[in-house]
Amino acid sequence: MANFSFILGIIGNVISILMFAAPIKTFKRIIKKKSTEDFKGIPYITTLLSTSLWTFYGLLKPGGLLVVTVNGTGAILHIVYVTLFLIYATKTLKIQSIKLVAIIDIAFLGAVIAITLLAVHGNTRLTLVGLLAAGLNVVMYASPLSATRTVIKMKSVEYMPFFLSFFQFLNGGVWAAYAVLVKDYYIGVPNGIGFLLGSAQLILYFIYYKSTPTKSIDEKEEKEGSAHLVRTGIQMNDLDGAHENDKNNRNLHKGKSLPKPSLSRQYSEKLVKTLSISSSSLGSHNEDDIEKGLKEAH
């Protein structure tokens, strides 16, 4: 039975690490879109506290190596998740999340560790930390239900990560079985509740899975925006071609015909011609009068 419980603990470690790694897909999307959208930060903040307390519990408990390794890994991953969430959250949500992190993950956790090490002794330490860790484990399992209202309102599971709920379901079941074998109620009770809550989350997921749009609105808008840019580029190319053809036609027309003189130039040429004709006529009349006078004198 001891060997079987150890093997079950190893399986529980693997499933727990998969559960802790499940949000990686969610945070890839957050980084890509540079926004937390409608995702909630509470699951990651509470899970960071839970994994930290369980790591501390494993350090206090004799033979708690499996508890330390899995929860220590989970705590490190959730430090990364919470940091990324704070970076990409909106200003209001960021302020709220920072307050929660300061109160829950720093002040409360620090107070529990300090009180346990300084004011509590013997087996009471394990009891105190075990009860707190068990209660927070239930909160961790229930935290994805914070998205329930959004799921029901939107009739979409887009913001309810499936793998997180699925691995919580498996993790709760395996660790509950492990706790029965090693007779650790602090591990068994919260993980049994986690198994039931994980089942409820999966049921909710499959109810609204069919009504979830296959493509998000943002992706649609992004594609439409790309198409608009392509059409605009084609239209601009067509306009540029039309302007180029028009320019070439004008140059060709200029090559075939000489430019017409301006109005002022045309007026000047007419005036010169008129004066020239008038001068010629005046000169011819003067010559006729001179010849006529000479004849009369003779």
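Conventions used here
- Residues numbered from 1 in each chain as written.
- Predicted model: local features only at pLDDT ≥ 70, side-chain atom pairs only at ≥ 80, totals over all residues.
- Heavy atoms only, no water.
- UniProt positions renumbered as here; feature names shortened; annotations may be inferred.
- Helix = DSSP H or I, 4+ residues; strand = E, 2+ residues; numbered from the N terminus.
- Buried < 20%, exposed > 50% of the residue type's maximum accessible area, 1.4 Å probe, protein only.
- Contact = heavy atoms within 4.5 Å.
- Patch = residues over 30% accessible without salt bridge, like charges linked within 9 Å, V, L, I, M, F, W, Y side chains within 5 Å.
- Areas by Shrake-Rupley, 256 points an atom, 1.4 Å probe, with all protein chains shown as cover.
- Salt bridge = Lys/Arg side-chain N within 4 Å of Asp/Glu carboxyl O.
- Expected span 1.5 Å × (residues − 1).
- Polar contact = N/O pair within 3.5 Å; in protein donor to acceptor, adjacent residues only side chain to side chain.
- Axes fitted to C-alpha atoms, helices over the stretch in contact; angles between N-to-C directions.
- Parallel < 35°, antiparallel > 145°, perpendicular 65-115°, else oblique.
- Left-handed = near helix turned anticlockwise from the far one by under 90°.
- Nonpolar A, V, L, I, M, F, W, Y, C, P; charged D, E, K, R; others polar.

By the naming in an unreviewed UniProt entry, the protein chain goes by Bidirectional sugar transporter SWEET and is assigned to Nicotiana sylvestris. Per UniProt, the protein chain carries the Function (unreviewed entry) text "Mediates both low-affinity uptake and efflux of sugar across the membrane." Here the protein chain is described in UniProt, under the heading Sequence similarities (unreviewed entry), as follows: "Belongs to the SWEET sugar transporter family."

1. Considering the overall build of the protein chain
Broken down by element type, the protein chain carries 11 helices and 0 strands. Taken from N to C terminus, the helices and strands of the protein chain fall in the order α-α-α-α-α-α-α-α-α-α-α. With 298 residues in all, the protein chain has 34% of them scored as buried. Long-range contacts, defined here as pairs at least 24 residues apart, represent 80% of the contacts in the protein chain between residues at least 6 apart.

2. Some details on a nonpolar patch on the surface
A cluster of nonpolar side chains, Phe-6, Ile-7, Ile-10, Ile-11, Val-14 and Leu-18, forms an exposed patch at the surface whose accessible area comes to about 520 Å². Residue position: Ile-7 is located in helix H1 (residues 2–21).

3. Some details on the pattern of salt bridges
Scanning the entire structure with this criterion turns up 2 salt bridges. We note a salt bridge from Glu-37 to Arg-29, for which the minimum N-O separation is 2.8 Å. A relative accessible area of 18% places Glu-37 in the buried class. With its nearest N and O atoms 3.3 Å apart, the salt bridge here joins Asp-184 to Lys-61.

4. Quick notes on helix H8 (residues 162–182)
Helix length check: H8, at 21 residues, gives a terminal C-alpha distance of 30 Å against a target of 30 Å (1.5 Å per residue), a fit within 8%. Within two residues after H8, Lys-183 carries a phi angle of roughly 60°, on the positive side.

5. Digging into the UniProt feature "transmembrane region" (unreviewed entry) in the protein chain
The sites that UniProt annotates as "transmembrane region" (unreviewed entry) are residues 6–22, 42–60, 66–88, 100–120, 126–147, 159–181 and 187–208. The span residues 6–22 is 94% helix and 0% strand, and its two end C-alpha atoms sit 24 Å from each other. Note that residues 42–60 is 100% helix and 0% strand, and that its end C-alpha atoms are spaced 27 Å apart.

6. Description of helix H9 (residues 185–208)
Compared with an ideal rise of 1.5 Å per residue, which puts 24 residues at 34 Å, H9 spans 35 Å between its outermost C-alpha atoms and is within 8% of the ideal. Contacts from the buried residues of H9 go to helix H3 (42–60), helix H4 (65–88), helix H6 (123–142), helix H7 (148–154) and H8. A distance of 3.1 Å separates the backbone nitrogen of Tyr-186 from a side-chain oxygen at the start of H9, and that oxygen is part of Asp-184.

7. As for the packing of helix H5 (residues 91–118) against H6
For the pair H5 and H6, interaxial distance at closest approach is 9 Å and the crossing angle is 160°. Accordingly, the angle class assigned to the pair H5 and H6 is roughly antiparallel. For H5 against H6, the interelement crossing comes out right-handed. Residue-level contacts link Phe-108, Val-112, Thr-116 and Leu-117 of H5 to Arg-125, Leu-128, Val-129, Leu-132 and Leu-136 of H6. Within the contact of H5 with H6, the residues separate by chemical class into 7 nonpolar, 1 polar and 1 charged.

8. A closer look at the side chain of Asn-71
With respect to the helices, strands and loops of the structure, Asn-71 is situated in helix H4. Since its relative accessible area comes to 10%, Asn-71 is described here as buried. A polar contact is formed between the side chain of Asn-71 and the backbone oxygen of Val-67, at a distance of 2.9 Å. Each residue touching Asn-71, except ones within four places of it in the same chain, is listed here: Phe-20, Thr-51, Trp-54 and Thr-55.

9. Observations regarding unusual backbone geometry
Phi angles above zero are rare outside glycine, and Glu-37 is one such case at about 50°. Tracing the chain through its elements places Glu-37 in the loop between helix H2 (24–33) and H3. In this model, Lys-183 sits at a positive phi of 60°, which is unusual for a non-glycine residue. Relative to the elements of secondary structure, Lys-183 occurs in the loop between H8 and H9.

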